[in-house]
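As a plain string of letters, each chain reads:
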Amino acid sequence: MARRKKIYEGKAKTLFEGPEPGTIVQYFKDDATAFNAEKRDVIEGKGVLNNILSEFFMQGLGQIGVPTHFLKRLNMREQLVRSCEIIPLEVIVRNYAAGSISKRLGIDEGTQLPRPIVEYCYKDDALGDPLVTEEHIAAFGWASQQDMDDILSLALRVNDFLSGVMLAVGIRLVDFKIEIGRVYDGDFQRLVVADEISPDSCRLWDIETGRKLDKDVFRRDLGSLTDAYTEVARRLGVMPNNPPAPGKPTLVN
Ligand code: UDP
């Protein structure tokens, strides 16, 4: 079979040229990295779960009229997306304090914020994705003022959608990161939610117990990441047909 052309290999996904111009195939790997790739491991089944969860969230967003790059899932590890120009920003929305904002501002993890707070980080691994302000974004031309207005409203709509979906299954959406892409339709450009939405890029806490169901399980060595992501998929009713194999074979007498 002819090999597809690889466009880009990231930490958790590989991108291949899609079957038609303007399309890309996103392949979800099992690789997990944290702390700017200083900590890394292979977590069997993570890619399958993230592929299915990202499909679920992107499709849901599409259904409420939030544009995304998602076209369709192709198989257990791959999805077809519209190719777009990624704006070099990580758009972070926070509902509760955790992670870097807790450290930066000395707020206890789990404190509810007075309102959702949107932050922007400049996407540059070598610099460790530094926090930037709209001043930097405008001055360096990463996005226009109109883009920033659109990005803010997209981010807040995604927040409302994801918060509601999660709340319905007993999970608190603490924070998340999205990436935004530009799609060109003739002379016009539109902004779409791109990349992925999965427990790799969200903080998800069980409302009853506070159990972490996201990548902090890996970052902070809190147990099985596959178990945590499987729990999210199970509650949302999107378990893959062939769930990842359990860690160890069991002996049958
Ligand atoms: N996040 C992400 N990719 C990054 C940085 C952050 O997906 O490169 C997500 C992270 O999983 C969390 C949210 O964005 O859900 C806020 O992360 P934070 O700034 O607290 O950074 P961290 O504590 O993860 O370093």
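A turn of α-helix holds 3.6 residues, and therefore any two residues three or four places apart point the same way. For helix H4 (residues 145–167), which comprises 23 residues, the first-to-last C-alpha distance of 33 Å matches the rise-based estimate of 33 Å (1.5 Å per residue) to within 8%. All buried positions along H4 are accounted for by Asp147, Met148, Ile151, Leu154, Ala155, Val158, Asn159, Phe161, Leu162, Val165 and Met166.

This brings us to the nonpolar core. Tyr120, Val158, Ile178, Ile197 and Leu236 are the most contacted members of the largest nonpolar core, which has 52 residues in total. Among the elements that line this core, the one with the most residues is H4, at nine residues. Those residues within four positions of Val158 in sequence are excluded, and the remaining contacts are Leu61, Val66, Phe176, Ile178, Val193 and Ile197.

Within strand E3 (residues 23–28), five of the six residues are buried, which leaves the element mostly enclosed by the surrounding structure. Pairing of strand E2 (residues 13–17) with E3, which is carried by five bridges, proceeds in the antiparallel orientation. The residue bridging Lys13 from the neighbouring strand is Phe28, located in E3. Between E2 and the antiparallel strand that follows it, E3, lie five residues; Gly22 among them carries a positive phi value of about 85°. Sheet analysis places E3 next to strand E7 (residues 78–82), joined by five bridges and oriented antiparallel. Residue pairing in the sheet places Gln26 in a bridge with Gln79 of E7.

What follows deals with the sheet that holds strand E1 (residues 6–9). The five strands are arranged E1-E2-E3-E7-E6 in an open sheet whose pairing can be described as antiparallel. The open sheet terminates on both sides in strands that have one partner only, identified here as E1 and strand E6 (70–73). When strand polarity is set aside, the average angle formed by the axes of neighbouring strands in this sheet is 25°. Contacts from helix H1 (residues 46–63) reach E3, E6 and E7 within the one sheet, and its direction differs from that of E6 by about 135°.

Attention now goes to the pairing of strand E5 (residues 39–42). Taken residue by residue, a regular strand's side chains alternate between the two faces of the sheet. Relative to E5, strand E4 (residues 31–34) runs antiparallel, the two being bridged by four bridges. Opposite Ala34, over in E5, you have Lys39 as the bridge partner. Between the antiparallel neighbours E4 and E5 lie four residues, among them Phe35 with a positive phi of about 50°.

Our next topic: the side chain of Asn51. Tracing the chain through its elements places Asn51 in helix H1. Classification of Asn51 by relative accessible area gives buried; the value is 0%. Within polar-contact distance, the side chain of Asn51 engages the backbone oxygen of Asn75 at 2.9 Å. When near neighbours in sequence (up to four residues on either side) are disregarded, Asn51 contacts Phe28, Arg73, Asn75, Met76, Arg77, Glu78 and Gln79.

The full count for this structure, using the stated rule, is three aromatic pairs. With a centroid separation of 4.1 Å and an interplanar angle of 10°, the aromatic rings of Tyr122 and Trp142 are classed as stacked. Placement of the pair is Tyr122 in strand E10 (residues 112–122) and Trp142 in the loop between helix H3 (134–139) and H4, with a sequence separation of 20 residues. For Trp142, a relative accessible area of 16% puts it in the buried group.

Right, let's get into helix H6 (residues 225–236). The terminal C-alpha atoms of H6 lie 17 Å apart, and with 12 residues this matches the ideal 16 Å at 1.5 Å per residue to within 8%. Buried residues of H6: Leu225, Thr226, Ala228, Tyr229, Glu231, Val232, Ala233 and Leu236, and no others. The inward-facing, buried residues of H6 contact H1, H4, strand E12 (171–185), strand E14 (202–206) and helix H5 (216–219). Between the side-chain oxygen at the start of H6 and the backbone nitrogen of Thr226 there is a gap of 3.4 Å, and the oxygen is on Ser224. Where H6 ends, the next residue or the one after it, Gly237, has phi of about 75°, a positive value.

Conventions used here
- Residues numbered from 1 in each chain as written.
- Predicted model: local features only at pLDDT ≥ 70, side-chain atom pairs only at ≥ 80, totals over all residues.
- Heavy atoms only, no water.
- Helix = DSSP H or I, 4+ residues; strand = E, 2+ residues; numbered from the N terminus.
- Expected span 1.5 Å × (residues − 1).
- Buried < 20%, exposed > 50% of the residue type's maximum accessible area, 1.4 Å probe, protein only.
- Core = buried A, V, L, I, M, F, W, Y, C linked by side-chain atoms within 4.5 Å.
- Contact = heavy atoms within 4.5 Å.
- Pairing = 2+ DSSP bridges.
- Axes fitted to C-alpha atoms, helices over the stretch in contact; angles between N-to-C directions.
- Polar contact = N/O pair within 3.5 Å; in protein donor to acceptor, adjacent residues only side chain to side chain.
- Phe/Tyr/Trp six-rings, centres within 6.5 Å; stacked < 30°, edge-to-face > 60°.

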